Amino acid sequence: MIRSISLGAVIAAMTTTAQADVSEKIVTLMSEGQKVVATLATPPGDPAPVVLLLHGFTGARDELASDHVPGVFAHSAQKLGDAGLASLRIDFRGSGQSVAGMSFADTTFESQITDAMAAIEYLKDLDAVDGNDIHVIGWSQGGLVAASLAGRGADVDTVSLWNAVGEPTATYGGLFGDEVLATGKAAPDDSVVPVKLPWGAEIELKGAFFDGVATHDPIEEIRGYGGPLFVASGAQDTLVLPENGEKFIAAHQGEEVLWKADMDHVFNVFVTADTLNEMLGETIAFIEKYDD
């Protein structure tokens, strides 16, 4: 089912200047014996439903900052808190502050799925939140992780995919270029492949990452998830093409929303926060419908 949600009071609440007294603290959880650093945000009152936020490729837990937002996920955590929802935003191992046991070059889709699974288990046992009411939002590569997490049976009430990678070869081929992609796919798992990104950053990945690009199918993964699914897709997204969102919806069987907007891959945050806030309003309304 494809439908739209009326923003109503949700957007009205999000555009007011008043904010809830959302508390944040740095926490650490373990994944395969290695530390994952995260920020836990909780609204006042009783333990609240909680949203796990999964960042994108080369990102970190606060996510992209601009003149309009301090970070896409830092901003999202505040808005979720204003709506009475707790959140946990993590640095995948090898990213952000989670670098004690793994470098970024060692990251793979599977390592990130493992980290997200560990975060779910952490939240289930955490007294500060309602561990029986867990939701997940994934952006870009984080959406690939969220789809896989859900499809493999993670105990989550809803899944929200924001401009999520559904076809890795197309997305990373466009990001890296065909020559680098071919070199990476041919490289042994432990071999380092230098990559220059379109915005000038230079990183290293190993052959194991490219193996994941070649073999991982997040759209197939979402077939294993029958719970509520929200998919946000940007008409101006040139990194993750809009048809990725439509394919996630087509593969999924269950309650679902496909929300389309005239936005780029980063929700237009270099121009305005309005699109991000509208998408957050839609996502929050969706999550609240399925609160336990």
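Predicted model, so just to flag it, every value in this text is computed and none were measured. Each residue is numbered by its place in its chain's sequence as written, counting from 1. Predicted model: local features are reported for residues with pLDDT of at least 70 only, side-chain atom pairs are reported and counted for 80 or more only, and whole-chain, interface and lining totals are derived from all residues. Excluded from the side-chain calculations are hydrogens and water; all other atoms, namely the structure's heavy atoms, are used.

So, about the pairing of strand 2 (residues 34-42). Successive side chains on a regular strand alternate, one facing one side of the sheet and the next facing the other. The cut-offs for exposure are 20% and 50% of the maximum accessible area for each residue type, with area from a 1.4 Å probe on protein chains only; residues under the lower value are buried, those over the upper are exposed, and the others partly exposed. Starting at the N terminus, helices and strands are each numbered in turn, a helix being any DSSP run of H or I of at least four residues and a strand any DSSP run of E of at least two. Counting buried positions along strand 2 yields seven of nine residues, so the element is predominantly enclosed. Pairing of strand 1 (residues 23-31) with strand 2, which is carried by nine bridges, proceeds in the antiparallel orientation. Residue pairing across strands places serine 23 opposite threonine 42, the latter belonging to strand 2. Strand pairing is assigned whenever DSSP detects at least two bridges linking the two strands. Here strand 1 folds back onto strand 2 in antiparallel fashion, the turn holding two residues, of which glutamate 32 has a positive phi close to 50°.

Quick look at the nonpolar core now. Ranked by size, the top nonpolar core spans 61 residues in total, and within it Leu52, Phe57, Leu88, Ile90 and Phe176 carry the most contacts. Setting aside its immediate chain neighbours within four residues, phenylalanine 57 contacts Phe104, Gln141, Tyr172, Leu175, Phe176, Leu197, Ile203, Leu205 and Phe209. By nonpolar core we mean a set of buried residues, namely Ala, Val, Leu, Ile, Met, Phe, Trp, Tyr and Cys, connected to one another through side-chain atoms within 4.5 Å. Grouped together as the second largest cluster of nonpolar side chains are 27 residues, Val69, Val72, Leu276 and Met279 included. Whether two residues are in contact is decided by their heavy atoms: any pair within 4.5 Å suffices.

Moving on to the side chain of serine 160. For serine 160, the location among the structural elements is in strand 6 (residues 158-162). Under the relative-accessibility criterion, serine 160 is labelled buried at 0%.

With mixed pairing, the eight strands of this open sheet are ordered in space as 1-2-4-3-5-6-9-10. Across the chains shown, the open sheet's two edge strands, defined by having one partner strand only, are strand 1 and strand 10 (256-261). Neighbour-to-neighbour, the strand axes of this sheet turn through a mean angle of 20°, independent of strand direction. Bridge analysis of strand 9 (residues 229-234) against strand 10 gives six bridges, and the strand direction is parallel. Every axis in this analysis is a line fitted to C-alpha atoms, fitted for helices over the stretch in contact. Angles between the N-to-C directions lie between 0 and 180 degrees.

This next bit is on helix 4 (residues 141-151). Quick reminder: α-helices carry 3.6 residues per turn. Residues three or four places apart thus point the same way. Helix 4 sits mainly inside the fold: 10 of its 11 residues count as buried. Considered for burial, the residues of helix 4 that qualify are Gln141, Gly142, Gly143, Leu144, Val145, Ala146, Ala147, Ser148, Leu149 and Ala150. Positive phi appears at glycine 153, one or two residues downstream of helix 4, with a value of about 95°.

What follows is about the packing of helix 2 (residues 72-82) against helix 10 (residues 274-289). Following both chains from N to C, one finds helix 2 and helix 10 inclined at 45°, their axes separated by 11 Å at the closest point. Our classification of the angle between helix 2 and helix 10 gives oblique. Our pair here, helix 2 against helix 10, has a crossing hand that is right-handed. Contacts between helix 2 and helix 10 involve Val72, His75, Ser76, Lys79 and Leu80 on the former and, on the latter, Leu276, Asn277, Leu280 and Ile284. Each residue gets one of three labels, nonpolar for Ala, Val, Leu, Ile, Met, Phe, Trp, Tyr, Cys and Pro, charged for Asp, Glu, Lys and Arg, and polar for the others, Gly among them. Its residues assigned to classes, the contact of helix 2 with helix 10 shows five nonpolar, three polar and one charged. Angle categories: roughly parallel below 35 degrees, roughly antiparallel above 145, roughly perpendicular from 65 to 115, and oblique for all the rest. Note: crossing handedness is left-handed where the near helix turns anticlockwise from the far helix by less than a right angle, and right-handed where it turns clockwise.

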